Amino acid sequence: MSASPSAWDSKFLALADFVAGWSKDPSTQVGAVAVGETPNLLSLGYNGFPPGVADLPDRLNDRDTKYRLVVHGEINALINAQFRPVTLYVTHPPCVRCTVQILAYRSVRRVVSRKPGDDMLSRWSADFSESRLLFEEAGVSLELF
């Protein structure tokens, strides 16, 4: 964990925050920015249903249905990238499901996120801990600011 983010880290985390607002998820909005070797190579993603799947209220408000259908912001940013992402900025630390997919990309060497708040930790603490261990094992830096 670094003491403070760089200027680029702050800019990309702010952009991830903005992109999170595009999500229609009523409980948790996640935004992500995948960045390549240079800061002008970037891709955006937010949590939502796949293209062609309607954002119906009964789907969005039913937790089980939503979890089965939603594509997380991190994965959307990676899918949308037309380059090899090396850094991934996310509004929340990645869950285990996203962590294994991020690691499968093999080009991502660094994941940057904000420290999770108490509400998020109350629901996802064990998941975040496992993700941290997986990133560490794979040699991918996880930085929380």
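The name that an unreviewed UniProt entry assigns to the chain is CMP deaminase, with the source organism given as Telmatospirillum siberiense. Reading the Cofactor (unreviewed entry) entry of the UniProt record for the chain gives the comment "Zn(2+)".

Q: Please give an account of the nonpolar core that cites residues and values.
A: Counting residues in hydrophobic clusters, the biggest one holds 18 residues, and the most contacted among them are L78, L88, V90, I102, V108, V111 and F135. Of all the elements in the fold, those that place two or more residues in this core are β1 (31-35), α4 (73-80), β3 (87-90), α5 (96-105) and β5 (141-144). Looking at which element gives the most residues to this core, the answer is α4, with three residues. Those residues in contact with I102, other than ones at most four positions away along the chain, are E74, L78, L88, P94, V108, V111 and F135.

Q: Any details on the UniProt feature "binding site: Zn(2+)" (unreviewed entry) in the chain? Residues and values, ideally.
A: Here the UniProt-annotated "binding site: Zn(2+)" (unreviewed entry) positions come out as H72, C95 and C98. Separation in sequence by 27 residues is not matched in space for these annotated residues, since their most distant C-alpha atoms are only 9.3 Å apart. Lining residues of the largest cavity drawn from the annotated list: H72, C95 and C98. Mapping H72 onto the fold places it in the loop between α3 (63-69) and α4. Setting aside residues no more than four positions away along its own chain, H72 makes contact with Y46, N47, C95, R97 and C98. The residue C98 is located in helix α5 in this model. The residues touching C98, leaving out its near neighbours within four places in the chain, are H72, E74 and I75.

Q: Please give an account of the packing of aromatic side chains that cites residues and values.
A: Evaluation of the coordinates by the stated rule reveals five aromatic pairs. Considering the side-chain rings of F18 and W22, the 5.7 Å spacing of their centres and the 75 degrees angle between planes classify their relative orientation as edge-to-face. Judged by its relative accessible area of 55%, F18 is exposed. Ring geometry for W22 against Y46: centres 6.0 Å apart, planes inclined by 90 degrees, an arrangement best described as edge-to-face. Here W22 is found in the loop between α1 (7-20) and β1, whereas its partner Y46 is found in strand β2 (residues 42-46), with 24 residues between them in sequence. Between K11 and the ring centre of W8, over which it is positioned, the NZ or CZ distance is 4.7 Å.

Q: An account of the pairing of β5 is requested, with residue identities and associated values reported.
A: One ladder, built from four bridges, connects strand β4 (residues 110-113) with β5; its direction is parallel. In the strand pairing of β5, V112 is matched with E143. Crossover β4 to β5 through helix α6 (residues 118-138) is right-handed.

Q: Explain the environment of L60 residue by residue, including any values.
A: With respect to the helices and strands, the residue L60 is situated in helix α2 (residues 57-61). Those residues within four positions of L60 in sequence are excluded, and the remaining contacts are K24, D25, P26, F49, D55 and K66.

Q: Any details on the state of the cysteines? Residues and values, ideally.
A: Inspection of the entire model under this criterion finds zero disulfides. You can see C95 has no disulfide; the closest cysteine sulfur is in C98, sitting 3.8 Å from it.

Q: If you had to explain the sheet that holds β1 to someone new, which residues and values would you point to?
A: Sheet strands associate in pairs through backbone hydrogen bonding, adopting either a parallel or an antiparallel arrangement. Taken together, five strands build an open sheet; the order of strands is β2-β1-β3-β4-β5 and the sheet is mixed. A single partner strand is all that each edge strand has here, and the edge strands are β2 and β5. When strand polarity is set aside, the average angle formed by the axes of neighbouring strands in this sheet is 15 degrees. Sheet topology note: the β1/β3 ladder contains four bridges and is antiparallel. The partner of A32 across the bridge, within β3, is V90. Sheet strands touched by α4: β1, β2 and β3. Its angle to β2, the strand with the most contacts, is close to 145 degrees.

Here is what the cut-offs are and how they apply
Residues numbered from 1 in each chain as written. Predicted model: local features only at pLDDT ≥ 70, side-chain atom pairs only at ≥ 80, totals over all residues. Heavy atoms only, no water. UniProt positions renumbered as here; feature names shortened; annotations may be inferred. Core = buried A, V, L, I, M, F, W, Y, C linked by side-chain atoms within 4.5 Å. Buried < 20%, exposed > 50% of the residue type's maximum accessible area, 1.4 Å probe, protein only. Helix = DSSP H or I, 4+ residues; strand = E, 2+ residues; numbered from the N terminus. Contact = heavy atoms within 4.5 Å. 1 Å grid on protein atoms, 1.4 Å probe; cavity = no way out; pocket = protein on both sides within 12 Å on 5 of 7 lines; lining within 4 Å. Phe/Tyr/Trp six-rings, centres within 6.5 Å; stacked < 30°, edge-to-face > 60°. Lys NZ or Arg CZ within 6 Å of the ring centre and 35° of its normal. Pairing = 2+ DSSP bridges. Right-handed = clockwise from strand over helix to strand, strands pointing away. Disulfide = S-S within 2.5 Å. Axes fitted to C-alpha atoms, helices over the stretch in contact; angles between N-to-C directions.

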